[in-house]
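# Descriptive structure summary
Here are the chains, one letter per residue:
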Amino acid sequence: MAFLNIVKAIKRDDIASRFKLSIISSQRARELYEKKEDTLPPQVEGYYKNTTIALAELIENKIDFEEENNE
């Protein structure tokens, strides 16, 4: 079982909450699951589940994301 330091991710200025972390990681996990040709491959090794890979990528600052402005 993988133990990830969620607090480390929440302390990032661009994430700052567990809710936002769960939304971003679920979107990334969905990208990894669908495997479209323009999808970035997993950026961390040692994990098998897409949700764990997505969380690890965010915690280790391996991927960037942009927030959409829904006005």
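Scroll up to find the structure this text is about.
Being a predicted model, the structure only gives us computed values, none of them experimental.

## Notes on the overall build of the protein
Along the backbone of the protein there are three helices and zero strands. Along the protein, from the amino end to the carboxyl end, the secondary structure elements read α-α-α. Scaling as 2.2 N^0.38, a compact globule of 71 residues should have a C-alpha radius of gyration of about 11 Å, and the protein matches this with 12 Å. On the principal axes, the C-alpha backbone points of the protein span a range of 30 × 30 × 15 Å.

## Digging into the nonpolar core
One recurring pattern in soluble globular proteins is that nonpolar side chains are buried together. Counting residues in hydrophobic clusters, the biggest one holds eight residues: Ala9, Ile10, Ile15, Leu21, Ile24, Leu58, Ile59 and Ile63. Beyond its immediate stretch of four places on either side in the chain, alanine 9 contacts Ile15, Leu21 and Ile59.

## Regarding the environment of glycine 46
Looking at the element boundaries, glycine 46 is found in the loop between α2 (18-34) and α3 (50-59). Each C-alpha atom of the pair glycine 46 and alanine 56 lies 10.0 Å from the other, and the pair is 10 residues apart in sequence.

## Comments concerning the packing of α2 against α3
As a packed pair, α2 and α3 sit with axes 8 Å apart at the nearest point and diverge in direction by 125°. Comparing the axis directions of α2 and α3 gives the class oblique. Remark: the crossing between α2 and α3 carries right-handed chirality. Across the interface between the two elements, Leu21, Ile24, Ser25, Arg28, Ala29, Leu32 and Tyr33 from α2 touch Asn50, Thr51, Ile53, Ala54, Leu55, Glu57 and Leu58 from α3. Among the residues making up the contact of α2 with α3, the classes are represented as nine nonpolar, three polar and two charged.

Reading the values: the criteria
- Residues numbered from 1 in each chain as written.
- Predicted model: local features only at pLDDT ≥ 70, side-chain atom pairs only at ≥ 80, totals over all residues.
- Heavy atoms only, no water.
- Helix = DSSP H or I, 4+ residues; strand = E, 2+ residues; numbered from the N terminus.
- Rg over C-alpha atoms; globule rule 2.2 N^0.38 Å.
- Core = buried A, V, L, I, M, F, W, Y, C linked by side-chain atoms within 4.5 Å.
- Buried < 20%, exposed > 50% of the residue type's maximum accessible area, 1.4 Å probe, protein only.
- Contact = heavy atoms within 4.5 Å.
- Axes fitted to C-alpha atoms, helices over the stretch in contact; angles between N-to-C directions.
- Parallel < 35°, antiparallel > 145°, perpendicular 65-115°, else oblique.
- Left-handed = near helix turned anticlockwise from the far one by under 90°.
- Nonpolar A, V, L, I, M, F, W, Y, C, P; charged D, E, K, R; others polar.

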